[in-house]
Amino acid sequence: MSIVKVESINKSFGKKKILHDVSFEINEGEILGFIGPNGAGKTTTIKLMLGLQSIDSGEVYINGYNLRKDFEKAIEKVGAIIESPDVYMYLSGRENLKLIANLYGGISKEELDELIKTVGLEKRIDDKVSKYSLGMRQRLGIAASIINKPNVLFLDEPTNGLDPQGIIEVRDLIVKLAKERKMAILISSHNLSELDSFITDACIIQNGKVVTNCPIKKLKSLDVPKYRFKVNKVKGIKTLFANKKIEVPDDETFELEIDKKEINSILKKLISNDYEVYSLFKVSMSLEEAFLKETGGNSIE
Amino acid sequence: MSKLVYNELYKLFHKRSTKLYFVLVFLLLTLSLVIVLKFDNSEEIESNYDINYQQSIIDSYKDRNDLNDDEKSDYLGALVEHDKLSLIKEKGIKRNSPEEAYVKDNMSQLFYSKNFIIVYGYTTDVNNRTLDDINAEIDKEIKKLEELDPIAVIKDELSTLNKEIVCLDIKSEFCDKYFDIYKKVLEYRIEMNIPKSYNAASMELERYLTEYPSYLQYEKDKGRIKEEEKDTYNEIISFNKTMEYKIEHKLLTQSSVVQPNMVEIVSSGLTDMSIFIVIGLIMIGASVLSEEFEKGTVKLLLVKPFTRNKILISKIIASIIMIVIFCLYVTVLNTVSSIIYNNYLGMSFIYSLCEYNFSLHKVVEYNIFNYYILTFISQMIYFIMLDLIVICFSTLTTSTAISISFGFGLFIGTGILTEFVQKFKWIPLLPMYTSDMINVFFGQPPTYKILTLPVHVFFNIFYVILFIGLAMFIFKKKDIKNQ
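Residues numbered from 1 in each chain as written. Chains lettered and ligands numbered in written order. Predicted model: local features only at pLDDT ≥ 70, side-chain atom pairs only at ≥ 80, totals over all residues. Heavy atoms only, no water.

1. A few points about the overall build of chain B
A count of helices and strands for chain B gives 21 helices and 2 strands. Here chain B has a C-alpha radius of gyration of 30 Å; the compact-globule value for 483 residues is 23 Å, and the former is much larger. Of all 483 residues assigned to chain B, the portion counted as buried reaches 46%. Contacts in chain B between residues at least 24 apart in sequence constitute 74% of all its contacts with a sequence separation of at least 6. When the accessible surface of chain B is summed, it comes to about 25400 Å², and 60% of that surface belongs to carbon and sulfur atoms. Between the mean site of the 51 positive side-chain charges and the mean site of the 60 negative ones, chain B shows a separation of 14 Å. (Helix = DSSP H or I, 4+ residues; strand = E, 2+ residues; numbered from the N terminus. Rg over C-alpha atoms; globule rule 2.2 N^0.38 Å. Buried < 20%, exposed > 50% of the residue type's maximum accessible area, 1.4 Å probe, protein only. Contact = heavy atoms within 4.5 Å. Areas by Shrake-Rupley, 256 points an atom, 1.4 Å probe, with all protein chains shown as cover. Lys, Arg positive; Asp, Glu negative; His and termini not counted. Charge placed at Lys NZ, Arg CZ, Asp CG, Glu CD.)

Structure, rendered in structure tokens:
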């Protein structure tokens, strides 16, 4: 059953049309990667889905409630971080969480402590947020967005501005939450490779239009196995494997699109032709490459 | 909704600007108190300055034979004042005592007659007294002064008055009324032991007598009062009616020269010190919503299960609660500092206040509580109106700085617009005027004729609906722009 259903939403700012009939769904337990270049309409779509901007036409249903007609019920089980973690800088992390908990009610002190532990902020939770690093603020933002035990989570570029360590921390936290709490998660990014390791579905948006919307498995099925060989020389290699799809990036490397069953015969052939093989490994296709293959485009940027 | 209001108040109390406001108001009031206490020796300066000043005038004239008429008049005035002040100083007469009043008022004519002879060289005295005769009389008065019975002086005046009334040739209703009041005042002084002095009760009784003829005249001319005379008329009517009440209910007692009224002091925090409250409310009203937009936290708020209307109303309620807190805070600080100041000066307080109510056509007696409540409610209407306008404007601009400037502009502009009321009769119908209902609450004549009670009520309800409705409409339609 779909928890989030977006039906042909349109949005214009003045004469400029930002979104064209954007539609997609998110089911329970799914992590939808909402992917597109900067300015494609990702943030606008998320804002429309949260009632932060008005929808020109089309409908959004969350947990079966129409967002426009039944806002309070539709938004009740939603958690969100949009653009940046929105927290009150002059309050401590705990005070911020307490204020949000107060709005929902029925959240005990123990539950709050547990949540603080989940996002790993227990040591600094009583410090003013103004003293937090961006990564800590992002984690506090995530805690704030799941305080009401939502079954839907919207995360707009949650790793923006974070250092590599921060990105890993936030990513791990999202995976943990999805696993433990079985939420429907929408996570947007302009960087496909950042998401391809953990999303279940991908919705790719370009110039305000959805260009691809499919399970990640489908994208990954487009992945044809490719093996990279490191050898002492590449001279004559193209002639040797003239019947195979081959790429030669440099003087000591070549890549072959083959099935793993063929590896032994390839190796025998190389050795018998006086090539020295130094190393061999499988090269996976990135989501971006798969997407380009699917759409026949040049780039998503 | 209560959860939203609680959160708003929590945020407002924890904001640095709110904390700074409380500290600054405290410091400003404390500082002004310290300055007043440390440097207030005005009475002493006045007294020294006066005697030395008169002496300096005398010195500049005394050895000259070529004085013109104006200079002679100045010289005479200085000599009379100097005689009075040096007698007071020489005899160690206390300030504001009946003795001081006796020297300054009753002995004044003798000093004048004496010094007239010195300056002009002849006498205009009706009894044709010589300088020696006058000096002898002055000595007699000084002796009398040493064992002065101030109430006996009043009794003498009363018996003289009774004799004069009997001898009076021309009788009229006007004179009868005046003499009645004169007798009433003297009898009241005797009964309540209020000698003639410069103390508050005595001065009020004197003013009552001085203004009574005008009061009688105005009562007679009622209905034919010109527009430009209305204020004076109202003031005299109010004063005389109040005095009648005070004498009847024996509310005037012997007092110090200035008698601070605790009823007024407590409420003055809301009126005289209202600028502190206005600063606080503009600061809150301008930022309560705008700051959420500026800092991006509005998104955090809007994705919670509450409609935008509820969010806006909770912010308005929270800002009104903050205004109430500011009012109480300023009241407490102002009252405490006034008590400290007046106690330091050795003043005794009065705890009731009488005011003539033009709507009820009677004098109303207030205590601290009911006077404060009435002042509070009337001022809150004004504060809430200003708050709503600022919030409505900040919803539109979503800029704290612009909204604060607008709020102060509106506050100052209201004062400036007053100058144009004669030309543009509709100006008093603007919200800042219709919400100023203090005169209505205390039954005072309206500042602007157009502002009758139904007009006040109608326009205030209209403006409240307008500003809240407008703010709701703007807020509901507002898209949260992408960063």
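2. Some thoughts on the sheet that holds strand β10 (residues 209-215) of chain A
For sheets, the rule is that strands pair by backbone hydrogen bonds, running either parallel or antiparallel. All names here are of chain A. Taken together, 6 strands build an open sheet; the order of strands is β6-β7-β8-β3-β9-β10 and the sheet is mixed. The sheet is open, and its two borders are formed by β6 (78-81) and β10, each paired with just one other strand. For this sheet, the mean angle separating the axes of adjacent strands, direction not counted, is 15°. In this structure, strand β9 (residues 201-206) lies alongside β10, joined through 6 bridges in antiparallel fashion. Bridging across to β10, Ala-202 finds its partner in Cys-214. (Pairing = 2+ DSSP bridges. Axes fitted to C-alpha atoms, helices over the stretch in contact; angles between N-to-C directions.)

3. With respect to the environment of Glu255(A)
All names here are of chain A. Take Glu-255: it is sitting in strand β13 (residues 253-256). Sequence-wise, Glu-255 and Val-283 are 28 residues apart; in three dimensions their C-alpha atoms are separated by 8.6 Å. In this view, Glu-255 contacts Lys-226, Tyr-227, Arg-228, Lys-245, Ile-246, Glu-247 and Val-283; residues no more than four positions away in its chain are not counted. Within the structure, the side chain of Glu-255 is placed 2.5 Å from the side chain of Arg-228, a separation counted as a polar contact. (Polar contact = N/O pair within 3.5 Å; in protein donor to acceptor, adjacent residues only side chain to side chain.)

4. Looking at the interface of chain A and chain B
The interface of chain A with chain B comprises 29 residues on the first partner and 28 residues on the second. A buried area of about 2800 Å², summed over both sides, lies between chain A and chain B, and 57% of it is on carbon and sulfur atoms. Taken together, the connections running from chain A to chain B amount to 3 salt bridges. For the salt bridge of Asp86(A) with Lys299(B), the shortest nitrogen-to-oxygen distance reads 3.6 Å. Summed over the shared surface of chain A and chain B, the number is 15 residue pairs in polar contact (both at pLDDT 80 or more). Of all the elements in the fold, those that place two or more residues in the side of chain A that touches chain B are β1 (2-13), α1 (42-49), α2 (71-75) and α3 (93-104) of chain A. (Buried area = accessible area lost by both parts, 1.4 Å probe. Salt bridge = Lys/Arg side-chain N within 4 Å of Asp/Glu carboxyl O.)

5. A look at the environment of Thr45(A)
Residue and element names in this part refer to chain A. Here Thr-45 is to be found in helix α1. In the structure, Thr-45 is positioned 211 residues away from Leu-256 in sequence and 41 Å away in space, judged by C-alpha atoms. Dropping the residues within four chain positions of it, Thr-45 is found in contact with Ile-9, Leu-19, Val-22, Phe-24, Phe-34 and Ile-205.

6. What to know about the packing of aromatic side chains
The relative placement of two aromatic rings is captured by the distance of their centres and the angle of their planes. All names here are of chain B. The final tally for this structure, using the stated rule, is 35 aromatic pairs over all chains. Taking 5.7 Å as the distance between ring centres and 65° as the angle between the ring planes, the aromatic pair formed by Phe-22 and Phe-326 counts as edge-to-face. Remark: Phe-326 occurs in helix α16 (residues 308-344) and Phe-22 occurs in helix α2 (residues 16-39); sequence separation between them is 304 residues. Pair check on accessibility: Phe-22 and Phe-326 agree, each one buried. Arranged with centres 5.9 Å apart and planes meeting at 15°, the rings of Tyr-463 and Phe-467 form a pair that is stacked. Note that Tyr-463 and Phe-467 are positioned in helix α21 (residues 453-477) at a spacing of 4 residues, about one turn of the helix. A connected cluster of aromatic rings, assembled from ring pairs, spans Phe-13, Tyr-21, Phe-22, Phe-326 and Tyr-329. Its guanidinium or amino end placed over the ring of Phe-239, Arg-207 lies 3.7 Å from that ring's centre, counting from NZ or CZ. The positively charged end of Arg-308 is found above the aromatic ring belonging to Phe-475, 5.7 Å away from the centroid. (Phe/Tyr/Trp six-rings, centres within 6.5 Å; stacked < 30°, edge-to-face > 60°. Lys NZ or Arg CZ within 6 Å of the ring centre and 35° of its normal.)

7. Here we look at the pairing of strand β12 (residues 246-250) of chain A
Residue and element names in this part refer to chain A. Across 3 bridges, the pairing between β12 and β13 is antiparallel. Each residue of the ladder has a partner; that of Asp-250, found in β13, is Thr-253. Count of turn residues in the β12/β13 antiparallel hairpin: 2 residues.

8. Focus on the packing of helix α17 (residues 368-397) of chain B against α21(B)
Residue and element names in this part refer to chain B. Two elements in contact, α17 and α21, have axes whose closest approach is 9 Å; the angle formed by their N-to-C orientations is 25°. In terms of orientation, α17 lies roughly parallel with respect to α21. Of the two possible hands of crossing, α17 and α21 adopt the one that is left-handed. Packed against α17, whose contacting residues are Ile-381, Met-385, Leu-388, Ile-389, Cys-392, Thr-395 and Leu-396, the element α21 presents Asn-460, Tyr-463, Val-464, Phe-467, Ile-468, Leu-470, Ala-471, Ile-474 and Phe-475 at the interface. Class assignment of the residues belonging to the contact of α17 with α21 gives a composition of 14 nonpolar, 2 polar and no charged. (Parallel < 35°, antiparallel > 145°, perpendicular 65-115°, else oblique. Left-handed = near helix turned anticlockwise from the far one by under 90°. Nonpolar A, V, L, I, M, F, W, Y, C, P; charged D, E, K, R; others polar.)

9. Let's talk about the domain arrangement of chain B
Taken as a whole, chain B is organised into domain 1 (2-39 + 259-477), domain 2 (42-148) and domain 3 (149-254). In this structure, domain 1 of chain B and domain 2 of chain B have C-alpha centres spaced 53 Å apart. (Domains from an automatic or database assignment.)

10. Some thoughts on the pattern of salt bridges
This structure, assessed with the given rule, holds 30 salt bridges over all chains. Residue Asp479(B) is joined to Lys11(A) by a salt bridge in which the shortest nitrogen-to-oxygen separation is 2.8 Å. Here Asp479(B), found in the segment after α21, pairs with Lys11(A), found in strand β1, and the two come from separate chains. An identical accessibility class is assigned to Asp479(B) and Lys11(A); each is buried. Its salt-bridge partner being Glu59(A), residue Arg68(A) comes within 3.3 Å of it at the nearest N-O pair. For Arg68(A), a relative accessible area of 45% puts it in the partly exposed group. Via salt bridges that share partners, Arg94(A), Lys109(A), Asp113(A) and Asp126(A) belong to a single interconnected network.

11. Some points on a positive patch on the surface
On the surface, Lys128(A), Lys131(A), Arg16(B) and Lys19(B) cluster together into a patch of positive charge. Given the relative accessible area of 60%, Lys131(A) is considered exposed. (Patch = residues over 30% accessible without salt bridge, like charges linked within 9 Å, V, L, I, M, F, W, Y side chains within 5 Å.)

12. Some points on a negative patch on the surface
On the surface, Glu227(B), Glu228(B), Glu229(B) and Asp231(B) cluster together to form a negatively charged patch. Within the secondary structure layout, Glu228(B) lies in the loop between α10 (200-221) and α11 (230-248).

13. Examining the nonpolar core
Phe24(A), Leu50(A) and Phe154(A) are the most contacted members of the largest nonpolar core, which has 144 residues in total. Looking at this core element by element, the count peaks at 11 residues for α17(B). Ignoring any residue separated from it by four or fewer positions in sequence, one finds Phe154(A) in contact with Val4(A), Ile26(A), Ile46(A), Met49(A), Leu50(A), Ile62(A), Val78(A), Gly79(A), Ala80(A), Ile81(A) and Leu186(A). Among the nonpolar cores identified, the runner-up in size contains 32 residues, and Ala201(B), Tyr215(B), Met243(B) and Cys354(B) belong to it. (Core = buried A, V, L, I, M, F, W, Y, C linked by side-chain atoms within 4.5 Å.)

14. A word on the side chain of Lys246(B)
With respect to the helices and strands, Lys246(B) occurs in helix α11. Setting aside residues up to four positions removed in sequence, Lys246(B) forms contacts with Tyr188(B), Glu204(B), Leu251(B), Leu252(B) and Cys354(B).

15. Section: the confidence of the model for chain A
For chain A, the mean per-residue pLDDT works out to 83, and 91% of the residues sit at or above 70. Here helix α11 (residues 287-295) of chain A is the element of chain A with the lowest mean pLDDT, 63, and α3(A) is the one with the highest, 92. (pLDDT = per-residue confidence, 0-100.)

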